[in-house]
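# Structural description and commentary
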Amino acid sequence: MFRSKRNSLVKRLWKYKINDETRGSSQKDASRSSSPSTPASTTQEELELKTATHSFFKKLKEEQLQVLLQAMESRGGEITPCVPVAKSEIRVGKHMVSPYNLCCRVFRWPDLKSDAEMKRLPNCTFQNDEKDAVICCNPYHWSLVVKIDEPTIYTDKLLNLSSHCSRMKILMTNIKATILQGLWSLQILLDLRRVSVRIIVQGMLL
């Protein structure tokens, strides 16, 4: 009875595995058309992943499987407890992965490669990898580290922009000097006009 219930939980969990349909049918069709051998290799990878995952799940306690199932059913919408397991390595084909890497790859990020691509969330109670003998494999207690590419700096464009700014500064200086010179000339003309008017007025008075 207990074995059948455990097997039932494992089967229900496997239904929540992230697959190509979840990620988008267009991407799946594109990958198939670009590589004729992709379906065969994918089938082999799927088989290896399924074998490793089922083997790992069967080592978990029934309560741990129920917590994982609750997390999968809510898609992380509910606060679920940790699922602590002993630190170990699980063979998936030719590669060795950690338990939480396996769970996160199966249920959240199928392209996940390294543990360094993930970061533990604050709601996880197992925060010290070095001292703790166990580690949490609840996929919704982990987040994916997103690397932001630094903007490319084009030196030649910066030099051209700097040169353009220098030319604009010189041009504005010349325009300012021309305006000041024009104002000075205008002031001289106005002064001469005042003097002429004054002389004419004085001549009329005489």
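Residues numbered from 1 in each chain as written. Predicted model: local features only at pLDDT ≥ 70, side-chain atom pairs only at ≥ 80, totals over all residues. Heavy atoms only, no water.

## Let's talk about the overall build of the protein chain
Note the cut-off: Going along the chain from the N terminus, every DSSP run of H or I of four or more residues is numbered as a helix, and every run of E of two or more is numbered as a strand. Accessibility here uses a 1.4 Å probe with only protein chains present; expressed as a share of the type maximum, an area under 20% marks a residue as buried, one over 50% as exposed, and anything in between as partly exposed. Any pair of residues with heavy atoms lying within 4.5 Å of one another is described as a contacting pair. Only the protein chains shown count as cover for residues, and all accessible areas are computed by the Shrake-Rupley method using a 1.4 Å probe.
In terms of helices and strands, the protein chain carries seven helices and six strands. Counting the 206 residues in the protein chain, one finds 27% classified as buried. Restricting the contact set of the protein chain to residue pairs at least 6 apart, pairs at least 24 apart contribute 66%. By element, 58% of the accessible surface of the protein chain is carried by carbon and sulfur atoms, the whole surface being about 15,200 Å².

## Let's talk about the nonpolar core
Threshold: We call a set of buried residues a nonpolar core when its members are Ala, Val, Leu, Ile, Met, Phe, Trp, Tyr or Cys and they connect through side-chain atoms within 4.5 Å of each other.
Ranked by size, the top nonpolar core spans 33 residues in total, and within it L13, F56, F57 and L102 carry the most contacts. Breaking this core down by element, the ones donating at least two residues are α1 (2–14), α4 (38–57), α5 (62–74), β2 (90–92) and α6 (99–107). Leave out the neighbours within four places in its chain, and L102 touches L49, A52, T53, F56, I90, V92 and V97.

## Points about the confidence of the model for the protein chain
Keep this limit in mind: Scored between 0 and 100, pLDDT is the confidence that the predictor attaches to each residue.
Mean pLDDT over the protein chain works out to 79, with 76% of the residues at or above the 70 mark. Long-range and interchain partners of residues 21–41, a stretch whose pLDDT sits below 50, account for seven contacts in this model, where long-range means more than four residues apart.

## With respect to the layout of surface pockets
Applicable threshold: Buriedness for pockets is judged along seven lines, at least five of which must meet protein on both sides within 12 Å for an open set on the 1 Å grid over protein atoms alone, while cavities are sets there where a 1.4 Å probe fits but cannot get out, and lining residues have an atom within 4 Å of a point. Grid points are joined across faces, edges and corners, and a volume is the space filled by probe spheres set on the points. All amino acids are sorted into three groups, where Ala, Val, Leu, Ile, Met, Phe, Trp, Tyr, Cys and Pro are nonpolar, Asp, Glu, Lys and Arg are charged, and the leftover types, Gly among them, are polar.
Considered as a void within the structure, the second largest pocket measures approximately 170 Å³ in volume. As for the second largest pocket, its lining consists of 13 residues, and the residues nearest its centre are F56, K59, L60, V85 and S88. Every element with two or more residues in the lining of the second largest pocket is listed here: α4 and β1 (84–86). Looking at the lining of the second largest pocket residue by residue, the class counts come to eight nonpolar, three polar and two charged.

## Notes on α5
Heads up, the condition is: Helix span, as expected, comes to 1.5 Å for every residue beyond the first.
A rise of 1.5 Å per residue sets the reference length of α5, with its 13 residues, at 18 Å; its end C-alpha atoms lie 18 Å apart and thus fit the reference within 8%. Of all the residues in α5, the buried ones are E62, Q64, L65, V67, L68, L69, A71, M72 and S74. With its phi angle positive at about 55 degrees, R75 sits one or two positions after the end of α5.

## Section: the packing of aromatic side chains
To describe a pair of aromatic rings, one takes the distance between the centres and the angle between the planes. The criterion, for reference: Only Phe, Tyr and Trp rings are paired, with Trp represented by its six-membered ring, and only when their centres lie within 6.5 Å; those with planes under 30 degrees apart are stacked, over 60 edge-to-face, the remainder tilted.
Considering all chains together, one arrives at three aromatic pairs under this definition. With centroids separated by 5.9 Å and ring planes inclined at 45 degrees, the aromatic side chains of F56 and F57 adopt a geometry described as tilted. The exposure classification of F56 matches that of F57, with both residues buried. Pairing F57 with F107 gives two aromatic rings, centres 6.0 Å apart and planes at 15 degrees, and the pair type is stacked. Taken together, the residues span a long stretch of sequence, with F57 in helix α4 and F107 in helix α6 at a distance of 50 residues. F107 shares its class with F57; the two are buried. One aromatic cluster is present, formed by F56, F57 and F107 through successive ring pairs.

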